[in-house]
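# An overview of the molecular structure
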Amino acid sequence: MTIKSINNVPLLGFAAYSGTGKTTLLEALLPKLTETGLRIGVLKHAHHNFDVDKPGKDSYRLRKAGASQMLISSRYRHALMSETPEAEANFEYLLSRFDHHGLDLILVEGCKNIAFPKIELNRKEVGKPWLHPSDDNIIAIASDSDLDVKLPTMNINDLDAIKQFIIDYLAPSESATKAAAACCDTLSPAFLSVAQGQQKILDAVTSVHSTETVNIAQAYGRALATDIISPINVPAYTNSAMDGFAIRGEDSGREQFEVVATVMAGYGYTSSLQKGEAVQIMTGAPMPEGSDTVVMREQANHVGGKVSFNGATIKTGQNVRQAGEDLKNGQSVFKAGTVVQSPEMGMIASLGMDKVEVKRPLKVAVFSTGDEVQAPGTPLQPHSIYDSNRHTIMGLLQKLGCDIIDLGILEDDEAVMERAIAQASEEADLVITSGGVSVGDADFIKNVLEKRGKVDFWRINMRPGRPLAFGDINGTPFFGLPGNPVAVMVSFINFVEPAIKKMQGIEQFVPLKATAIASEPLRSRQGRTEFSRGFYQMDSELGQLVVETTGKQGSGILRSMSEANCLIEIAPNIDTVKPGESVTIIPLQGRI
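Note on numbering: residues in each chain are counted from 1, in written sequence order. Two thresholds apply to this predicted model, a pLDDT of at least 70 for residue-level local features and 80 or more for giving and counting side-chain atom pairs, whereas whole-chain, interface and lining totals are computed over all residues. Only heavy atoms go into the side-chain values, all of them from the structure, while hydrogens and water stay out.

With an unreviewed UniProt entry as reference, the chain is termed Molybdopterin molybdenumtransferase, source organism Vibrio hangzhouensis. As stated in UniProt under Cofactor (unreviewed entry), the record for the chain gives "Mg(2+)". Looking at the chain in UniProt, the text filed under Sequence similarities (unreviewed entry) is "Belongs to the MoeA family." UniProt positions are given in the numbering used here, feature names are shortened, and annotations may be inferred rather than shown by experiment.

And the structure:
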């Protein structure tokens, strides 16, 4: 099974430690491949800084002078050089730079921590360990050692054998298909990816239809049910942008003006400003009729009833806010689905509106399951645990502005669960539980869902939080979250929160992500998305965010979430992030 790049061009790498001779082997192998008619692109990853053009050449000089992208072209070739000081370009982006229509194969030298098919190169004299025991993406081995492995092997010095393997890889036989199967499973596992799970859930839920009109003070965190249209001009009248003196711009060359009035905010000058006159004016006060310019107080010499401006440069129209400059009457201010926060509250109030129509709060029913789960505040019984997950979920729901229906702890009895879930589906817009979503004998949630509703999926290719139930009971969406405390929060952030936001009518419901520099090595299992608890901060010297883990990452270590301010997301195609490399983070402030 041949793995292909983003535009359907087959992809094959050469993985080896430094000193093995990857470049030398490729240099000798390429002519043998191209003479068969293959059109080949090569991607080489370097761990060090490099220049592709010579010092002194025009392109080099212009790039060093500050060009962030330098494209040089001639009759025979063209090259684009891009500076990437903030972060190294990711693998998928680099592949997208190739002209895929002109290629039959892309060979990759390096990138051994990325998940795609590779041939391992190994020379005994280099003395480095084997890569294939810990990398399922290696589909063949070329070495000068005798090996007893299930993978196809070749002598590293037999270029014809390596060439033939590549040709067979492009037109795979049954044996070659089996050799690549492990890699295919890594990239396309039987489980759903995080993105696939999110999309399935978002496709299945809809925004609540009910709305209510509330005072602005009660609207914080709610989604607008209708567009906000300005009923007035903002500002309502032309006014001064600062404290100073209002004059006619055509008089700006005069040496001295007669101050005929002082206008405070909330008051006005009823006469029309005449030639040579000035009005002392405060910020926000309406401009006198006939005036169009304000000279700030710091540039003025005001003595008695006269003012001069000490040779200040005056531009007609300066320091004046025109009526309707921010918003015009009838102009759209906010779209339905906008979350009302403090800026929106102030803006709506500035329009003279004291009430706003918003989506009603979402009603969410929550309960825990399991005979071993015990309510806090009671003596802990043998073989029991206190119910932390339900309280965690309720805290997350409170932050999202939901109305919570707390159903407590349900015992491991299928009939009890069925009655409780059915009742919850009638009272709530959404039902959430934790535990009971694995394959244990006492995990009854799946049975209940299949009897009273529909189950959509049960496994997400991620850690922590792989077991996840999603479906509906009598048309009410249902989430069955994992039992491990950390997995509950990670699953909630990635799946439940986006669903709730969409149901609340909020348009932007995907978790916010950012890029940070890893300050320590990070490892993951290729083929799944790994979420580690992390702590990020701004590095003043780098001018970038840096991140490290909170320590041990077991899915039952609840304290790791309280110590974290982000989740570190490692994509399925990466098994190692080295210090100094970029990684995706999901900030947690305001979320947990």
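### Describing the sheet that holds strand S8 (residues 153–155)
With respect to topology, six strands assemble into an open sheet ordered S2-S5-S1-S6-S7-S8, the strand pairing being parallel. Every other strand in the sheet has two partners, leaving strand S2 (40–44) and S8 as the edge strands with one partner each. Put simply, the sheet's adjacent strands are angled 25 degrees from each other on average, direction ignored. Pairing between strands is defined by DSSP: at least two bridges between the two strands are required. Runs of E in the DSSP output that reach at least two residues are strands. Runs of H or I that reach at least four are helices, and both are numbered from the N terminus. Pairing analysis gives three bridges linking strand S1 (residues 11–15) to strand S6 (residues 118–122), with the strands arranged parallel. Among the inter-strand pairings, Phe14 is bridged to a residue of S6, identified as Ile119. Contacts between helix H1 (residues 22–34) and the sheet are confined to S1, S2, strand S5 (105–109) and S6, with S5 contributing the most and set at about 165 degrees to the helix. To obtain each axis, a line is fitted to C-alpha atoms, and for helices this fit is confined to the stretch in contact; angles are then taken between N-to-C directions over 0 to 180 degrees. Note on definitions: a residue-residue contact is assigned when non-hydrogen atoms from the two residues lie within 4.5 Å.

### So, a negative patch on the surface
The residues that make up patches have over 30% relative accessible area and no salt bridge, and they are joined within 9 Å when like-charged or within 5 Å when they are Val, Leu, Ile, Met, Phe, Trp or Tyr. The Shrake-Rupley method, run with a 1.4 Å probe, gives the accessible areas here. Residue values count only the displayed protein chains as cover. Salt bridge, as used here, is a side-chain nitrogen of Lys or Arg placed within 4 Å of a carboxyl oxygen of Asp or Glu. Counting rule for charge: Lys and Arg are taken as positive, Asp and Glu as negative, and neither His nor the chain ends is counted. Throughout, a charge is located at the NZ atom of Lys, the CZ atom of Arg, the CG atom of Asp or the CD atom of Glu. A cluster of acidic residues, Asp371, Glu372, Glu411 and Asp413, forms a negative patch on the protein surface. We classify Glu372 as partly exposed; its relative accessible area is 36%. The cut-offs for exposure are 20% and 50% of the maximum accessible area for each residue type, with area from a 1.4 Å probe on protein chains only; residues under the lower value are buried, those over the upper are exposed, and the others partly exposed.

### Some words on the packing of helix H8 (residues 389–399) against helix H11 (residues 485–503)
Remark: H8 packs on H11, axes separated minimally by 11 Å, with the N-to-C direction vectors making an angle of 30 degrees. The handedness of the crossing between H8 and H11 is right-handed. Here H8 contributes Asn389, Thr392, Ile393, Leu396 and Leu397 to the contact with H11, which in turn contributes Pro485, Val488, Met489, Phe492 and Ile500. Classification convention: Asp, Glu, Lys, Arg as charged; Ala, Val, Leu, Ile, Met, Phe, Trp, Tyr, Cys, Pro as nonpolar; all other residues, Gly among them, as polar. Among the residues making up the contact of H8 with H11, the classes are represented as eight nonpolar, two polar and no charged. Crossings are sorted by hand: turned counterclockwise from the far helix by less than a right angle, the near helix makes the crossing left-handed, and turned clockwise it makes it right-handed.

### Quick notes on the pattern of salt bridges
By the definition in use, this model includes 20 salt bridges. Notably, a salt bridge pairs Lys32 with Asp160, separated by 3.2 Å at the nearest N-O pair. On the criterion of sequence distance, the pair formed by Lys32 in helix H1 and Asp160 in helix H4 (residues 159–170) is long-range, its members being 128 residues apart. One salt bridge in this structure joins Arg452 and Glu418, with 3.2 Å as the shortest N-O distance. Placement of the pair is Arg452 in helix H10 (residues 445–452) and Glu418 in helix H9 (residues 414–427), with a sequence separation of 34 residues.

### Looking at the sheet that holds strand S14 (residues 277–281)
One open sheet accounts for six strands, arranged S15-S12-S14-S13-S17-S16; its pairing is mixed. Edge positions in the sheet fall to strand S15 (293–296) and strand S16 (301–303), since each has one partner strand and no second. Shown here is a sheet whose adjacent strand axes are inclined to one another by a mean of 35 degrees, direction ignored. Here strand S12 (residues 244–247) runs beside S14; their pairing, made up of three bridges, is antiparallel. Counted as the bridge partner of Gly244 is Ile281 from S14.

### Digging into helix H6 (residues 194–204)
Here H6 has its buried residues at Val194, Gly197, Gln198, Ile201 and Leu202. Buried residues along H6 cover an arc of 125 degrees about the axis, so they all sit on one side. Opposite the buried face of H6, by more than 90 degrees, sit the exposed residues Ala195 and Asp203. Of all possible arcs, the one meant is that of the directions from the helix axis to the C-beta atoms.

### What to know about the environment of Val366
Mapped onto the elements, Val366 comes out in strand S21 (residues 363–369). For Val366, a relative accessible area of 0% gives the class buried. Note: C-alpha distance between Val366 and His391 (25 residues apart in sequence) is 9.3 Å. Beyond its immediate chain neighbours, meaning those up to four positions away, Val366 contacts Arg390, Ile393, Met394, Leu397, Ile404, Ile405, Asp406, Leu407, Gly408 and Ile432.

### Considerations on the pairing of S12
Two faces belong to every sheet, and in a regular strand the side chains alternate between them. The pairing of S12 with S15 spans four bridges and is antiparallel. Directly across from Phe245, in S15, lies its bridge partner Val295.

### As for the packing of aromatic side chains
Aromatic rings from Phe, Tyr and Trp, taking only the six-membered ring of Trp, are treated as a pair when their centres fall within 6.5 Å; an angle between ring planes under 30 degrees marks them as stacked, one over 60 as edge-to-face, and anything in between as tilted. Per the counting criterion, the structure on display carries three aromatic pairs. Judged by centre distance (5.4 Å) and plane angle (50 degrees), the ring pair of Phe257 and Phe309 falls under tilted. Here Phe257, found in strand S13 (residues 257–263), pairs with Phe309, found in the loop between strand S17 (306–308) and strand S18 (320–321); they are 52 residues apart in sequence, far enough to count as distant. Taking the relative accessible area as the measure of exposure, Phe309 reaches 5% and is therefore buried. The residue whose ring lies beneath Lys118 is Phe116, and the NZ or CZ to ring-centre distance is 4.8 Å. Looking at Lys128, its charged tip hangs above the ring of Tyr17, at a distance of 5.7 Å from the centre. By definition, being over a ring means that NZ of Lys or CZ of Arg is both within 6 Å of the ring centre and within 35 degrees of the ring normal.

### A closer look at H9
Taking 1.5 Å per residue as the helical rise, H9 with its 14 residues ought to reach 20 Å, and the 20 Å between its terminal C-alpha atoms agrees with that figure. Polar contact criterion, stated in full: a pair of N or O atoms within 3.5 Å, where within protein one must be able to donate a hydrogen and the other to accept it, and residues adjacent in sequence count only if both atoms are side-chain atoms. Of the residues flanking the start of H9, the one acting as N-cap is Asp413, its side-chain oxygen 2.9 Å from the backbone nitrogen of Ala415. Between the first and last residue of a helix there are one fewer steps than residues, each counted as 1.5 Å, and that sum is the expected span.

### With respect to unusual backbone geometry
Each neighbour pair has its own omega, and for Val234 with Pro235 the value is -5 degrees, a cis peptide bond. For Pro235, the location among the structural elements is in the loop between strand S10 (228–229) and strand S11 (239–240). Following Arg463, the chain continues into Pro464 via a peptide bond in cis, with omega recorded as -5 degrees. Here Pro464 lies in the loop between strand S27 (462–463) and strand S28 (467–473). For Asn474, which is not glycine, the phi dihedral falls at a positive 55 degrees. With respect to the element layout, Asn474 can be found in the loop between S28 and strand S29 (476–481).

### Digging into the confidence of the model for the chain
It should be kept in mind that the predicted coordinates are not to be read in detail where pLDDT is low. As a per-residue measure, pLDDT tells how confident the predictor is, with possible values from 0 to 100. Residues with a pLDDT of 70 or more make up 85% of the chain, whose mean pLDDT is 84. A low-confidence stretch, residues 1–6 (pLDDT under 50), is modelled with 29 contacts involving residues beyond four sequence positions or located in other chains. In this model, residues 173–190 is a region of pLDDT below 50 whose contacts with residues beyond four sequence positions or in other chains number 27 contacts.

### Section: the environment of Asp371
Counting through the fold element by element, Asp371 comes out in the loop between S21 and strand S22 (373–374). Among the residues examined, Asp371 registers a relative accessible area of 53% and is labelled exposed. With 38 residues separating them in the primary sequence, Asp371 and Ile409 have C-alpha atoms 8.7 Å apart. If we ignore the near neighbours within four places in the chain, the residues touching Asp371 are Glu411 and Asp412.

### Structural notes on the nonpolar core
Within the largest apolar cluster, 39 residues are counted, with the highest numbers of intra-cluster contacts made by Leu397, Ile432, Phe479, Leu481, Phe492 and Ile500. Mapped onto this core, the elements with two or more residues apiece are H6, S21, H8, strand S25 (430–434), S28, S29 and H11. For this core, the leading source of residues is H11, giving eleven residues. Either an automatic procedure or a domain database provided the assignment from which the domain bounds are taken. Split by domain, the residues of this core number at least three in each of domain 4 (363–504) and domain 5 (514–587). Those residues within four positions of Phe479 in sequence are excluded, and the remaining contacts are Ile201, Leu430, Val431, Ile432, Thr433, Leu468, Ala469, Phe470, Phe495, Val496 and Ala499. Nonpolar cores are built from buried Ala, Val, Leu, Ile, Met, Phe, Trp, Tyr and Cys residues. Side-chain atoms within 4.5 Å join them into one set. In terms of nonpolar packing, the next biggest core, distinct from the first, is built from 23 residues, Leu12, Leu25, Leu29 and Ala140 among them.

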